[in-house]
Amino acid sequence: MQQAASKLQPNNEVPGLKGLPLVGNLPQFQRHPLATLIKAAREGGDVARIDLASQRYYLLSNPDHVRHVLQDNNKNYVKGYGKVRVLLGNGLVLRFAEAMTEEIARMLDGWEARATGGRKLDVAMEMTLLTQRIIVKTMFGADVGAKGERIACAFETALAGIDTRFVIPLWMTRLPLPANRRFEKALQTIDEAVHRIIRERRRKGQEGGDDLLSMLMEARDEETGETMSDRQIRDEVTTIYLAGHETTAVTLAWAWYLLSKSPDVARRVREEVSRVLGDKTPGIEDLPNLTYTRMVLDETLRLYPAAWMISRTAVEEDEIGGYRIPAGHTLFLSPYVTHRRTDLWPNPEGFDPERFAPESGNGRPRFAYYPFGGGPRLCIGNNFALMEATLVVAMVMQRYRLDLVPGQTVKAHPKGTLRPRPGVWMTPHSTTSTTTI
Ligand code: HEM
């Protein structure tokens, strides 16, 4: 990547989208973020300029450049937060399967009445409530309680607000506008929920369990020997609470949507589940045999990567693709854009799990596909998420067929995560008495 400075393109030549004076590409980006990114990459190429008001960003979509930023030269690129990675090793994940299947079964029991009455449900919300219960139970040994839906909505509002705050000036966030008030209220709801979990654990003391929460409470600074402050614990709990459920829920919601649009794929999943599991509750030993189910989830994460945008800021000047990246500049890496590059993915808009058949990935660059990021900041929950999502798909398939309520327009809404909007309404039909596909 190193070249003599004289060979570099002058930076004003970084190609990009045409923009308006002062605001640049901000109006298009706010209205249609995904389409704007795709257009920037298709027209601008591997390194494309996007101007959001006074800030200039570069969008990278070439897998080699993504690898450079996330992996090879990662020390030169910073992102804001994250201290918990040491605490959630991969081995730990396996012991959560049972807690997951218990919660999934609980949700499926709750669907019985709707199935009998032919009533619809929003699977996007159902998946959020489920993954929320699972993360709270496995990581913090707690129960979400009756406020699950309120907390879920608060996370959605907070995420959308954080996203907006990335592009609007600070003073606007301080105005007494309804959107700002909603954001503050959402943060308060989340804070109360997290506070309740911590308070409860403090009350129980040692008997609370040996989960992530107790590790956080007991962790001591190697040099000072001090434990974490309440604020630090609350921040860590909030990060895991959010990162640990929202993305998995969104992935599952899209999986149900895509499966409902591809009956042949759905039939193959159902056949695999029936062959591998029959009626038995799945355990970790079954996961390696649910190959096709996993391929469906991999392909879902290609088309709708819940973390659709990753950003990094350059510490020192760098060079990427022949362009100079000045120190302090922020780069956009978008799995959504790279996952839809026509040179890497034939028919990129098509839903085709075969792309992830065991041998078909040979020859694809590592960073042609990175729904969980990569390098040292690779998602610490990737195994947890894939295990959870596979168990959910398998267990739902064992008991129900989900039919999409006709006449819905479902769109990808990239605020925080890539949520399907306005939800995914489906009608569950019980399949345990008769064998239906
Ligand atoms: C399908 C589900 C998931 C997706 C698509 C996803 C995606 C990602 C991505 C792309 C990153 C890297 C962000 C960056 O480089 O800036 C990340 C980081 C992270 N993820 Fe996930 N994630 C998922 C599930 C989970 C789960 C279940 C947990 C917790 C149990 C989790 C916890 C985290 C944490 C704590 C980080 C920050 C790690 C660090 O900065 O070192 N994620 N995730």
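Residues numbered from 1 in each chain as written. Predicted model: local features only at pLDDT ≥ 70, side-chain atom pairs only at ≥ 80, totals over all residues.

Section: the overall build of the protein
(1) Moving on: Along its length, the protein carries 16 helices and 12 strands.
(2) Moving on: Its C-alpha atoms give the protein a radius of gyration of 23 Å, near enough to 22 Å, the size a compact globule of 437 residues would have.
(3) Moving on: Overall size of the protein, expressed as C-alpha extent along the three principal axes, is 70 × 55 × 45 Å.
(4) Moving on: By residue count, 38% of the 437 residues in the protein fall in the buried class.
(5) Moving on: Sequence-distant contacts in the protein: of pairs separated by 6 or more residues, those separated by 24 or more amount to 76%. (Helix = DSSP H or I, 4+ residues; strand = E, 2+ residues; numbered from the N terminus. Rg over C-alpha atoms; globule rule 2.2 N^0.38 Å. Buried ≥ 20, exposed ≤ 12 C-beta atoms within 10 Å, placed from the backbone. Contact = placed C-beta atoms within 7 Å.)

Description of helix α16 (residues 382-399)
Note on helix geometry: an α-helix contains 3.6 residues per turn, so any two residues three or four positions apart are oriented the same way.
(1) Moving on: Taking 1.5 Å per residue as the helical rise, α16 with its 18 residues ought to reach 26 Å, and the 26 Å between its terminal C-alpha atoms agrees with that figure.
(2) Moving on: For α16, the tally of buried residues reaches 15 of 18 residues, placing the bulk of the element in the interior. (Expected span 1.5 Å × (residues − 1).)

As for the sheet that holds strand β8 (residues 330-333)
(1) Moving on: Within the open sheet, the five strands sit side by side as β1-β2-β8-β5-β3. Their pairing is mixed. This sheet does not close on itself; its edge strands, each paired only once, are β1 (47-52) and β3 (77-78).
(2) Moving on: Where strand β5 (residues 310-314) and β8 come together, four bridges link them in antiparallel fashion. Across the sheet, Ile310 pairs through a bridge with Leu333, a residue of β8. (Pairing = 2+ DSSP bridges.)

Some points on the sheet that holds strand β9 (residues 400-404)
Paired through their backbone hydrogen bonds, the strands of a sheet run either parallel or antiparallel.
(1) Moving on: Pairing is antiparallel across the open sheet formed by three strands, whose spatial order is β4-β12-β9. Strands with a single pairing partner mark the edges of an open sheet, and in this sheet they are β4 (121-122) and β9.
(2) Moving on: Relative to strand β12 (residues 425-430), β9 runs antiparallel, the two sharing five bridges. Residue pairing across strands places Tyr400 opposite Ser430, the latter belonging to β12.
(3) Moving on: Along the sheet, helix α5 (residues 97-117) contacts β4, β9 and β12; its crossing angle with β12, the most-contacted strand, is approximately 90 degrees.
(4) Moving on: Helix α12 (residues 246-261) contacts β9 and β12 of the sheet and is inclined by roughly 80 degrees relative to β9. (Axes fitted to C-alpha atoms, helices over the stretch in contact; angles between N-to-C directions.)

Description of the confidence of the model for the protein
Caution is warranted with low-pLDDT regions, since their predicted coordinates should not be read in detail.
(1) Moving on: Counting all residues, the mean pLDDT for the protein is 88, and 91% of those residues have values of 70 or more.
(2) Moving on: pLDDT under 50 marks residues 1-6. Its contacts with residues more than four places away, or in other chains, come to five contacts.
(3) Moving on: Confidence over residues 81-91 falls short of pLDDT 50; this stretch has 12 contacts with residues more than four positions distant or in other chains. (pLDDT = per-residue confidence, 0-100.)

Description of the environment of Met295
(1) Moving on: Tracing the backbone shows Met295 in helix α14 (residues 291-303).
(2) Moving on: Taking the C-alpha atoms as reference points, Met295 and Pro358, 63 residues apart in sequence, are found 8.8 Å from one another.
(3) Moving on: Every residue in contact with Met295, bar those within four places of it in the chain, is listed here: Pro353, Phe356 and Ala357.

Some remarks on the pairing of β5
(1) Moving on: Of the pairings in the sheet, the one linking β3 to β5 comprises two bridges and is antiparallel in character. Residue pairing across strands places Val78 opposite Thr313, the latter belonging to β5.

A word on the nonpolar core
(1) Moving on: In this structure, Tyr58, Leu59, Leu60, Ala253, Trp256, Leu331 and Val393 are the most contacted members of the largest nonpolar core, which totals 105 residues.
(2) Moving on: Not counting chain neighbours up to four residues away, the residues in contact with Leu59 comprise Leu37, Ala40, Ala41, Ala48, Ile50, Phe332, Ser334 and Val337. (Core = buried A, V, L, I, M, F, W, Y, C linked by C-beta atoms within 7 Å.)

Examining the packing of helix α13 (residues 263-277) against α14
(1) Moving on: Close contact between α13 and α14 brings their axes to 8 Å; oriented N to C, the two are set at 140 degrees. For the pair α13 and α14, the contacting residues are Val265, Arg268, Val269, Glu272 and Val273 in the first and Tyr292, Thr293 and Val296 in the second.
(2) Moving on: Broken down by class, the residue content of the contact of α13 with α14 amounts to five nonpolar, one polar and two charged. (Nonpolar A, V, L, I, M, F, W, Y, C, P; charged D, E, K, R; others polar.)

Structural notes on the environment of Val410
(1) Moving on: Examined against the element boundaries, Val410 turns out to sit in the loop between β9 and β10 (411-415).
(2) Moving on: Classification of Val410 as partly exposed rests on a count of 18 C-beta atoms within 10 Å.
(3) Moving on: As for Val410 and Glu112, which are separated by 298 residues in sequence, their C-alpha atoms are 25 Å apart.
(4) Moving on: When residues no more than four places from it in sequence are discounted, the contact partners of Val410 are Tyr257, Pro420 and Val424.

Topic: the packing of α12 against α14
(1) Moving on: With their axes 9 Å apart at the nearest point, α12 and α14 run at an angle of 105 degrees to one another. By the angle between their directions, the pair α12 and α14 is classed as roughly perpendicular. Of the residues in α14, those in contact with Thr251, Trp254, Ala255 and Leu258 of α12 are Val296, Leu297, Thr300 and Leu301.
(2) Moving on: For the contact of α12 with α14, the class distribution of residues is six nonpolar, two polar and no charged. (Parallel < 35°, antiparallel > 145°, perpendicular 65-115°, else oblique.)

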